[in-house]
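# Structural overview
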Amino acid sequence: MTADSNDPPATEPFVAHGPARRSGSILLVVLIAIGIVALAVWLMAIGRTQAQPYILGVLALLATAGLFNLFALAAGIIRFSDRTTDDPVMARIADHAQEGLVVTDSRGHVVYSNAAYLTLTGAAGPQDVRPVERVFIGNPDVSEAVFRLLKAAREGKRQQEEVRVAGHEAGPGGAQGRWLRLRVRPLGEGKRDAKYAVWSIADITRDRERQEDVFQELRHAIEYLDHAPCGFFSVNPAGEIAYVNATLANWLDYDLAEIGSGGLKLTDIVSGDGAALLTSIAAVPGEVKTEVFDIDLRMRGGKTVPVRLYHKLAFGADGAAGASRTLVISRARDERSDPERAAEVRFMRFFDHTPMAIATVDRGGNVVGANARYAKLAQGLNGDGGAAKSIFRAVNPRDRGLLIAAINQAAEGQGDIAPVEVMLDGPKERFAQFFVTTVEKDERDAETAIVYILEITERRALENQINQSQKMEMVGQLAGGIAHDFNNVLSAIMMANDFLLNAHKPTDPSFQDIMQIKQNATRAATLVRQLLAFSRRQTLRPQVLDLGDALSDLTMLLRRLIGEKVKLDLVHGRDLWPVKVDVSQFEQVVVNLAVNARDAMPDGGKLIIRTANVSTEEAAQLANKGMPAADYVKIEISDTGTGIPNEIIDKIFEPFFSTKEVGKGTGLGLSTVYGIVKQTGGFVYVDSVPGGGTTFRIYLPRHRQEQEVAPEAHAGNGAAKETATAEVAKPKPDLTGQGTILLVEDEDGLRSLNARGLRSRGYSVIEAANGVEALEAFEENNGKVDLVVSDVVMPEMDGPTLLKEMRSRNAELKIIFVSGYAEDAFEKSLPENQQFAFLPKPFTLTQLVAAVKETMTAN
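Because the structure is predicted, anything quoted here is derived from the model rather than measured. Numbering of residues starts from 1 in every chain and runs along the sequence as written. With pLDDT at 70 or above as the cut-off, local features in this predicted model cover only qualifying residues; side-chain atom pairs require 80 or more to be listed or tallied, and sums for whole chains, interfaces and linings still use all residues. Each side-chain value is derived from all of the structure's non-hydrogen atoms; neither hydrogens nor water enter the calculation.

Right, let's talk about the overall build of the chain for a bit. Helix and strand assignments come from DSSP, with helices taken as H or I runs of at least 4 residues and strands as E runs of at least 2, each series counted from the N terminus. Looking only at helices and strands, the chain has 29 helices and 28 strands in total. Buried residues are those whose accessible area, probed at 1.4 Å on protein chains only, stays under 20% of the maximum for their type, while exposed residues exceed 50% and partly exposed ones sit between those limits. Within the chain, the fraction of its 859 residues that count as buried is 41%. By element, 54% of the accessible surface of the chain is carried by carbon and sulfur atoms, the whole surface being about 48200 Å². Each accessible area is a Shrake-Rupley estimate made with a 1.4 Å probe; only the visible protein chains count as cover when residues are assessed.

Covered by surrounding structure in strand β28 (residues 837-840) are Ala837 and Leu839 together with Phe838 and Pro840, the residues of both alternating faces. In this scheme, strands are said to pair when DSSP sees at least two bridges between them. Examined bridge by bridge, strand β27 (residues 814-819) and β28 share 4 bridges and lie parallel to one another. What sits directly across from Val818, in β28, is Leu839.

Attention shifts here to the pattern of salt bridges. A pairing counts as a salt bridge when a side-chain nitrogen of Lys or Arg comes within 4 Å of a carboxyl oxygen of Asp or Glu. Summed over all chains, the structure comprises 30 salt bridges. The residue Glu636 makes a salt bridge to Lys634 at a minimum N-O spacing of 3.8 Å. Of the two residues, Glu636 and Lys634, neither departs from the other in class, the shared state being buried. One continuous salt-bridge network, built from bridges that share partners, spans Arg610, Lys634, Glu636, Asp687 and Arg697.

Orientation is described by axes fitted as lines to C-alpha atoms, over the contacting stretch for helices, and by angles from 0 to 180 degrees between their N-to-C directions. Running from amino to carboxyl end, helix α19 (residues 547-562) crosses helix α20 (residues 583-599) at an angle of 40 degrees, the nearest separation of the two axes being 10 Å. Here α20 runs oblique to α19, going by the angle between their axes. Remark: the crossing between α19 and α20 carries right-handed chirality. Facing Leu547, Ala550, Leu551, Leu554, Leu557, Leu558, Leu561 and Ile562 of α19, the residues of α20 in contact are Phe586, Glu587, Val590, Val591, Ala594, Val595 and Arg598. Orientation labels follow simple angle bins: below 35 degrees gives roughly parallel, above 145 gives roughly antiparallel, 65 to 115 gives roughly perpendicular, and whatever is left gives oblique. For any helix crossing, the convention is left-handed if the near helix is rotated counterclockwise from the far helix by under a right angle, and right-handed if that rotation is clockwise. Throughout, a residue-residue contact means that at least one pair of heavy atoms, one from each residue, lies within 4.5 Å.

Next up on the list: the packing of aromatic side chains. Centres within 6.5 Å are what make two rings of Phe, Tyr or Trp a pair, Trp counting through its six-membered ring; a difference in plane orientation under 30 degrees is then read as stacked, over 60 as edge-to-face, and the rest as tilted. Counted by the stated rule, this structure contains 5 aromatic pairs. Aromatic side chains Tyr632 and Tyr699 sit 6.2 Å apart centroid to centroid with 80 degrees between the ring planes, which places their arrangement in the edge-to-face category. With Tyr632 in strand β21 (residues 632-639) and Tyr699 in strand β23 (residues 693-701), this residue pair connects regions lying 67 residues apart in the sequence. Of the two residues, Tyr632 and Tyr699, neither departs from the other in class, the shared state being buried. Its guanidinium or amino end placed over the ring of Phe431, Arg460 lies 3.9 Å from that ring's centre, counting from NZ or CZ. Here, a charge over a ring is recorded when the distance from Lys NZ or Arg CZ to the ring centre is within 6 Å and its angle to the ring normal is within 35 degrees. Above the ring of Phe499, the side-chain terminus of Arg756 is found at 4.1 Å from the ring centroid.

It is worth spelling out α20 at this point. To estimate how far a helix should reach, multiply one less than its number of residues by 1.5 Å. Given a rise of 1.5 Å per residue, 17 residues ought to cover 24 Å, and the 24 Å separating the end C-alpha atoms of α20 matches this to within 8%. Residues of α20 that are buried: Gln585, Phe586, Gln588, Val589, Val590, Val591, Asn592, Leu593, Ala594, Val595 and Ala597. Taking the backbone nitrogen of Gln585 as reference, a side-chain oxygen 3.2 Å away marks Asp582 as the first, capping residue of α20. Under this definition, polar contacts are N or O atom pairs within 3.5 Å; protein pairs additionally need one hydrogen-donor-capable and one acceptor-capable atom, and for neighbouring residues in sequence, both atoms have to be side-chain atoms.

Taken together, the 5 strands give an open sheet; going across it, the order is β25-β24-β26-β27-β28, and neighbouring strands pair in parallel fashion. The outermost strands of the open sheet, each flanked by one partner alone, are β25 (764-768) and β28. On average, each strand axis in the sheet is tilted by 20 degrees relative to the strand beside it, whichever way the strands run. For strand β24 (residues 740-744) and β25, the ladder comprises 5 bridges, and the chain directions are parallel. Counted as the bridge partner of Ile741 is Val765 from β25.

For the rest of this paragraph, the subject is the side chain of Asn624. The topology assignment puts Asn624 in the loop between α21 (616-621) and β21. Within the structure, the side chain of Asn624 is placed 3.5 Å from the side chain of Tyr699, a separation counted as a polar contact.

Below, the discussion takes up the pairing of strand β22 (residues 683-689). Within a regular strand, side chains alternate between the sheet's two faces. Of all 7 residues in β22, 5 are buried, a share of seventy percent or more. Bridge count for β22 against β23 is 7 bridges, and the pairing is antiparallel. The residue bridging Val686 from the neighbouring strand is Phe696, located in β23. Here β22 hands over to β23 after 3 residues, with Gly691 in that stretch at a positive phi of 85 degrees.

With that settled, the discussion passes to the sheet that holds strand β9 (residues 288-298). Reading across from one edge, β8-β7-β11-β10-β9 is the order of the 5 strands in this open sheet, with antiparallel pairing throughout. Two strands bound the open sheet, and with one partner strand each, they are β8 (241-244) and β9. Neighbour-to-neighbour, the strand axes of the sheet open up by a mean angle of 25 degrees, direction not taken into account. Note: strand β7 (residues 231-235) against β8, 3 bridges, orientation antiparallel. Along β8, the bridge assignment pairs Phe233 with Val244. Those strands touched by helix α13 (residues 339-353) are β9 and β10 (304-314), and its axis lies near 95 degrees from that of β9.

The structure is reproduced here in structure tokens:
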């Protein structure tokens, strides 16, 4: 039995404190007032003297009554009347409510219960009323819920529970069991009312039955959908699969439980770029769109299934897309049974999986149809999706006119339209080629042209790299050629200057002028070394050193260069490995970077130079392009300056590129750094944050002692490449000698000065302008030549070729090569194990005769 009847229950409500309250009487008040007035008149009539005792007696009687009433009021025996509690409307609402109501005090005693409560709990009468916890005592299914409700009642909180009771506890008509909703709340907010708890019990069996019916209907609908002969899935706006029916999961070889746990995305089940088609629907606020797509779905194992999708997507008032509803029709069966359908499937696969983006457009450039690759391309351009609607929106405004002209040609029916190479619109610099072809004349009303798009961003980048590399190579060759020729001029100047210094004493008036010429020639030689460093053709004099010591020696120079506003911080790594570098060139690298850092901090800052070892394992984990895994010593030079803008950071190592003002930079500083580091066998990388500073990282290969074997074996190759130059720097006291020297030099002025210098030291000199003349002179003297001093780069026959020819005639012939290029620039063109000495240009007379004397006296 439920409390759904509209008839009032026969059982009367129960009130524990229920003595009837008497309402106040106005007649009694009037009678008391008349009596008091009559008493007062009588007392006045008998006289004041006789009335005084009676007055005192009446006053005492009234005082006693008043005092008794005060004590009764304080004890609660007498109360003021509260008309709200006697409101008949409020009382009837509680008494005749359909929900069972019961009020208990702090001790759990029932204070009030309505008729519905008596009916729901099966109470026979008011004397049989029990609190809620005693009604369901012993029922394990309900006891836990009642315990939580009692706890909430004691704490003065609200609580609700829904329980199912069976048997006699379910009340009348509850043999099959019923559902009850139990609620508890405090009676009121006041301190006195909070002691009472109001319990309500409602029969919700019919509500539960209706919910169960709805759930069963929903379960049946899901079963019908899961076992339908077609697939179904739903995708949320984030691209995650929210639902897949059992049919589609079976087609794709996925477990429904795995899909339900989440983590599967649309791109996981759609082959190729097909997912871009489903997300390319243009948003229209408040509308629902349904599109048909023929794509391939990808199975778990990688195989594909051709399907047709009926993709339904609803957009909100703000244009945001909701979850999709997509019906999937398998076309694999049609592919086997229907040749026409099979051809259609093959065409759609070709159309969607081609590496080119394809779109059909009308005369206005509006996209009529497109493949998946075009949808993906359009999504990767501008964020508003305009490229999906108009193909012109895919092109940067500067090149848009070229594509418009090509489509106009297609609209006029022209064939063989030249490809259009344009820049794509979007935040990044991307390029593409557009191939436009016209369609048949009778189809031009809907579609004007078919456009094939091939992105060439990577190809353009590769072309730019090749062009840049060729430009760098050409500039390097130019710089190297200029340096070579300039070295010849400098050698002549320095040689002539030495003759003048030998002819003048320090006391001569012109001696200071001659010294000024020598100093300027030395400065010019430094400039030539910079050009050769850029072209990577300089002559290095490597030696093994500790970078920590080398940097410490540079500290004073660096502090003077960067000034007082910039703080220098040198952080040495522990136990640095040795490296083999040219000390002067390494110092130039550090100085160039320090000067650049100073210029980037006009208001002052901090320059930090760190050194550290980088093991092979650490180098393998670095993302440095082109650097193989090996042991390196790292030099890190960081500043807190203005940084390098992202758009020019790839150009900083280019020659003659400078961000400084006109006249304040040559543009060779960083290119020289790059050339020196590369020629040393190292690598240099740069990281910069605009406004946050710049960091250059130089990696020099670790030098191992066993690597010295090869250079020492080759030391005869140049009469000791390192020791010879060291000795040249300190000339021996006696530089005179005897012997026949064949001097080969294509510069007439330099050759005559060198010959004059050698003759002044006692040598016989045979001069030749090139290799052919040198061979002829060698034959004329029957090979009686003690030493050959030859240039490397000469017309008709170069130095290495001359060496081969002369060694074929005299294997013991000694030779010195002189050149402005590095020794290894021509060493590769020589046969193996050929011994020779090397003297870099420009050189002084003292250096020349010292090299000749050392080579001739060497065994």
